[in-house]
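A structural walkthrough
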Amino acid sequence: MTSSELGAFLKARRASLTPYAVGLPEFDGRRKVKGLRREEVAQLAAISVDYYTRLEQGRVQASAAVLATLSRALRLGDDEETYLYEVAGKTDARPRRRRGTQKVRPAMRRLLDQLTESPAIVLGKRMDVLAWNHTAAALFTDFGALPPARRNYVSLLFTEPAVRDLHRDWRHDARDAVAALRMQAAADPDDPELARLVGELAVRDSDFRAWWAERRVNSASYGTKHYHHRVVGDLTLDCDVWASPDGSGQQLMVVTAEPGTPSHDALRILASWTTLIKEDF
């Protein structure tokens, strides 16, 4: 699994580069391969073509020193370099812990309860939605009405029409979510639930299938989201994600609006709406 994924990742990255981008001369005429040739990558990394070929074919294991020179040769970004080391098995020698049921940390639960006007979600492994506050349910979807097995942030982006329609730039946001899932997958590539999730989405959605095959990786923890809500209209929100310090893999995702903006007023309307619904019950 690791060696084949390493080879596939190397192929995808060299296919995305041009000789000009890495300082090599471009020859006239049509190139037979997309991106760099194997011999060009080997030249840049100062390794033999035969050794590099065997790396792509999964027939040898790369040392940390070779990974470092390949990272430079392929102009990898921080996330891509992290992923390269992860799939090569060079970053974590700790024994695998048994997988158990994901439980929300009490501190995370308290934070959700205290964030009354800002939508907030606790994400677990595979970007499963473990907990949420009422404003998040009002903005995204009623997570409580979904079976636990369907409460996955990436899956909802592709399979839940209300969540899909909420995103004004759905293709951008969904592609980034796939890259984030790919980044998480490197930490536990043998996770059977991850394999099930990826398999189901790949069968159901051609965009997911294409974007997963791109092998883009992304660990961005903040950004701007543009939504169109069926009740309060257009929203421009800041999205921030904080990782739990306990190594559980849980993350707190919070979306906020700048005070005094129409988006801030819209969030207050959603918050008051959920308060009225709770009081009715």
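Below is a summary of the structure that appears in this document. For clarity, every value in this text was computed on a predicted model and none was experimentally measured.

**A few points about the pairing of strand 4 (residues 233-243)**
Sheet analysis places strand 3 (residues 222-229) next to strand 4, joined by eight bridges and oriented antiparallel. Bridge pairing in strand 4 links histidine 228 to aspartate 234. The hairpin turn running from strand 3 into strand 4, its antiparallel successor, is three residues long. By the bridge criterion, six bridges tie strand 4 to strand 5 (residues 251-256) in an arrangement that is antiparallel. Across the sheet, tryptophan 242 pairs through a bridge with leucine 252, a residue of strand 5.

**A few points about the nonpolar core**
Counting 46 residues, the largest nonpolar core has Ile121, Leu139, Phe140, Phe158, Leu181 and Phe208 as its most contacted members. In contact with leucine 139, other than residues within four places in its own chain, are Pro119, Leu166, Tyr227, His229, Leu235, Leu237, Val255 and Leu270. Counting residues in hydrophobic clusters, the runner-up holds 30 residues, among them Val22, Leu74, Tyr83 and Ala88.

**Let's talk about the environment of histidine 226**
Among the structural elements, histidine 226 can be located in strand 3. Residue histidine 226 is classed as partly exposed on the basis of its relative accessible area of 34%. Setting aside residues no more than four positions away along its own chain, histidine 226 makes contact with Leu166, His167, Arg168, Asp169, Leu235 and Thr236. Looking at histidine 226, its side chain comes within polar contact range of the side chain of threonine 236, at 3.4 Å.

**A word on the packing of helix 2 (residues 38-45) against helix 4 (residues 64-73)**
Remark: helix 2 packs on helix 4, axes separated minimally by 8 Å, with the N-to-C direction vectors making an angle of 115 degrees. Taken as axis vectors, helix 2 and helix 4 run roughly perpendicular relative to one another. The two elements helix 2 and helix 4 cross, and the hand of that crossing is right-handed. Two secondary-structure elements touch here, helix 2 through Val41, Leu44 and Ala45 and helix 4 through Thr69, Leu70 and Ala73. The residue makeup of the contact of helix 2 with helix 4, split by class, is five nonpolar, one polar and no charged.

**Overview of the pattern of salt bridges**
Inspection of the entire model under this criterion finds 19 salt bridges. When the shortest N-O distance is used, the salt bridge between aspartate 173 and lysine 225 registers 3.8 Å. You can see aspartate 173 sitting in helix 10 (residues 170-185) and its partner lysine 225 sitting in strand 3, a full 52 residues away along the chain. Across the pair arginine 196 and glutamate 200 runs a salt bridge whose closest N-O atoms are separated by 3.2 Å. Within this pair, arginine 196 and its partner glutamate 200 are both found in helix 11 (residues 192-204), separated by four residues, close to a single helical turn. For glutamate 200, a relative accessible area of 41% puts it in the partly exposed group. Residues participating in the shared-partner salt-bridge network are Glu5, Arg182 and Arg215.

What counts as what
- Each chain has its residues counted from 1, running along the sequence as written.
- At least 70 in pLDDT is required for a residue's local features to be given in this predicted model, at least 80 for side-chain atom pairs to be given and counted, and no such filter applies to totals for whole chains, interfaces and linings, which use all residues.
- As a rule here, side-chain values cover all heavy atoms of the structure and leave hydrogens and water aside.
- Here a strand pair is declared whenever DSSP counts at least two bridges between the two strands.
- Runs of E in the DSSP output that reach at least two residues are strands. Runs of H or I that reach at least four are helices, and both are numbered from the N terminus.
- Side-chain atoms within 4.5 Å are what join buried Ala, Val, Leu, Ile, Met, Phe, Trp, Tyr and Cys residues into a set we call a nonpolar core.
- Only protein chains enter the area calculation, which uses a 1.4 Å probe; residues under 20% of their type maximum are buried, those over 50% are exposed, and those in between are partly exposed.
- In what follows, a contact means two residues having at least one pair of non-hydrogen atoms within 4.5 Å.
- As used in this structure description, the phrase polar contact means that two N or O atoms lie within 3.5 Å; if the pair is within protein, one of them must be able to donate a hydrogen and the other to accept it, and residues adjacent in sequence are counted only when both atoms belong to side chains.
- All axes are obtained by fitting lines to C-alpha atoms, using only the stretch in contact for helices, and the reported angles, taken between N-to-C directions, cover 0 to 180 degrees.
- Angle categories: roughly parallel below 35 degrees, roughly antiparallel above 145, roughly perpendicular from 65 to 115, and oblique for all the rest.
- Should the near helix be turned anticlockwise from the far one by less than a right angle, the crossing is termed left-handed; should it be turned clockwise, right-handed.
- When residue character is reported, Ala, Val, Leu, Ile, Met, Phe, Trp, Tyr, Cys and Pro are called nonpolar, Asp, Glu, Lys and Arg charged, and the others, Gly included, polar.
- Here, a salt bridge means any side-chain nitrogen of Lys or Arg that lies within 4 Å of a carboxyl oxygen of Asp or Glu.

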